[in-house]
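Below are the chains, spelled out letter by letter.
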Amino acid sequence: MFRTRFITAALGGIAALVLVGAPSATAAPQRAAVQTIYYDASQAAELSSQVDEAAEIWNTRVTNVKLVKGQAGITVTTAQNGSAPGTASCVGCTRGQIYFYRNQIKSSGAAPLRVIVHEFGHILSLEHPPDIGNCDKVMAGGRCDNPYPNADERAAVDRFWGRGQPPAKPGPDHADENEVLRAPALAGR
Ligand SMILES: [Zn+2]
């Protein structure tokens with residue numbers, strides 16, 4: 001009995017020593033490099049300066065990913081008529097397409113810059129929140145003017161790109177996107 005207990009204690013001591021001596025896997029977490037997403041606004045027509053402005057809004061508010069003018073990334077096109085004020089072909093992606101439809105933006109009542117920041121938000125990994133029409137969140141759509149992502153949205157983008165390059169997802173369904181972007185603004189916002 002005594003002997004068994006002694007051995008158990010001794011083994012426990014050895015285990016503790018091994019644990020203490022083991023190199024720590026959690027020391028100094030590796031910081032992923034800042035991800036670059038190129039965007040080409042040469043087909044964005046009259047919205048091209050607002051496309052640059054929207055990229056700047058994100059660039060000055062997140063740190064793990066940067067939107068940079070260039071080729072072979074996200075192409076941004078403005079056309080006359082389409083399925084929604086704006087669409088993004090993918091979520092959390094470095095290659096894809098954004099489309100804006102000027103007639104739909106106009107009829108939606110949403111501020112064009114907000115719509116553009118919203119579509120970049122999808123590219124940057126964000127999806128729609130449950131409180132559609134909350135003007136405080138650019139991803140909530142709605143007939144709002146605010147083009148600035150809130151703190152939670154900014155943090156979510158940094159979390160996503162801080163993990164390296166997670167797999168992209170398909171962009172939102174065009175009918176959903178249309179509904180979200182022209183939803184009434186929530187009262188009191
Ligand atoms: Zn959307």
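Residues numbered from 1 in each chain as written. Predicted model: local features only at pLDDT ≥ 70, side-chain atom pairs only at ≥ 80, totals over all residues. Heavy atoms only, no water.

Enquirer: Describe in detail the sheet that holds strand β3 (residues 74–79), supporting the description with residues and values.
Expert: As a general point, the strands of a sheet are linked pairwise by backbone hydrogen bonds and lie either parallel or antiparallel. The strand order across the open sheet formed by 5 strands is β2-β1-β3-β6-β4, and the pairing between neighbours is mixed. Strands at the two margins of the open sheet, each flanked by one partner only, are β2 (65–69) and β4 (86–88). In this sheet, adjacent strand axes meet at a mean angle of 20° when their direction is disregarded. Here strand β1 (residues 35–43) pairs with β3 via 3 bridges, running parallel. Within β3, the residue paired with Gln43 across the bridge is Thr77. (Pairing = 2+ DSSP bridges. Helix = DSSP H or I, 4+ residues; strand = E, 2+ residues; numbered from the N terminus. Axes fitted to C-alpha atoms, helices over the stretch in contact; angles between N-to-C directions.)

Enquirer: Give a detailed account of the pairing of β1, specifying residues and quantitative values.
Expert: Here β1 pairs with β2 via 5 bridges, running parallel. Across the sheet, Thr36 pairs through a bridge with Lys66, a residue of β2. As a crossover connection, the stretch from β1 through helix α2 (residues 48–59) into β2 is right-handed. (Right-handed = clockwise from strand over helix to strand, strands pointing away.)

Enquirer: Summarise helix α5 (residues 151–162); cite the residues concerned and give the values.
Expert: For α5, spanning 12 residues, the distance from its first C-alpha to its last is 16 Å, which sits close to the expected 16 Å at 1.5 Å a residue. Of the positions making up α5, those classed as buried are Glu153, Val157, Asp158, Phe160 and Trp161. For α5, the arc enclosing every buried residue in end-on projection is 160°, short of the 170-degree limit, so these residues lie on one face. The exposed set on the far side of α5, more than 90 degrees from its buried face, consists of Asp152 and Arg159. Its buried side turned inward, α5 meets β1, α2, β2 and α4 (112–123). Between the side-chain oxygen of the N-cap and the backbone nitrogen of Asp152 there are 3.1 Å, and the N-cap of α5 in question is Asn150. (Expected span 1.5 Å × (residues − 1). Buried < 20%, exposed > 50% of the residue type's maximum accessible area, 1.4 Å probe, protein only. Arc of directions from axis to C-beta. Contact = heavy atoms within 4.5 Å. Polar contact = N/O pair within 3.5 Å; in protein donor to acceptor, adjacent residues only side chain to side chain.)

Enquirer: Let's hear about the coordination of the zinc ion: which residues, and what values?
Expert: Bound to the zinc ion are the protein donor atoms His118 (NE2), His122 (NE2), His128 (NE2), Glu177 (OE) and Glu177 (OE), situated 1.9 to 2.4 Å from the metal. Considered as a linear motif, the donors of the zinc ion on their single chain read H-x3-H-x5-H-x48-E. Of this pair, His128 sits in the loop between α4 and α5 while Glu177 sits in helix α6 (residues 174–181), and the two are 49 residues apart along the sequence. On the basis of relative accessible area, His128 is assigned to the partly exposed category, the value being 25%. Overall, the relative accessible area of 0% leaves Glu177 in the buried class. (Donors = N, O, S within 2.8 Å, 3.2 Å for Na, K, Ca; no water.)

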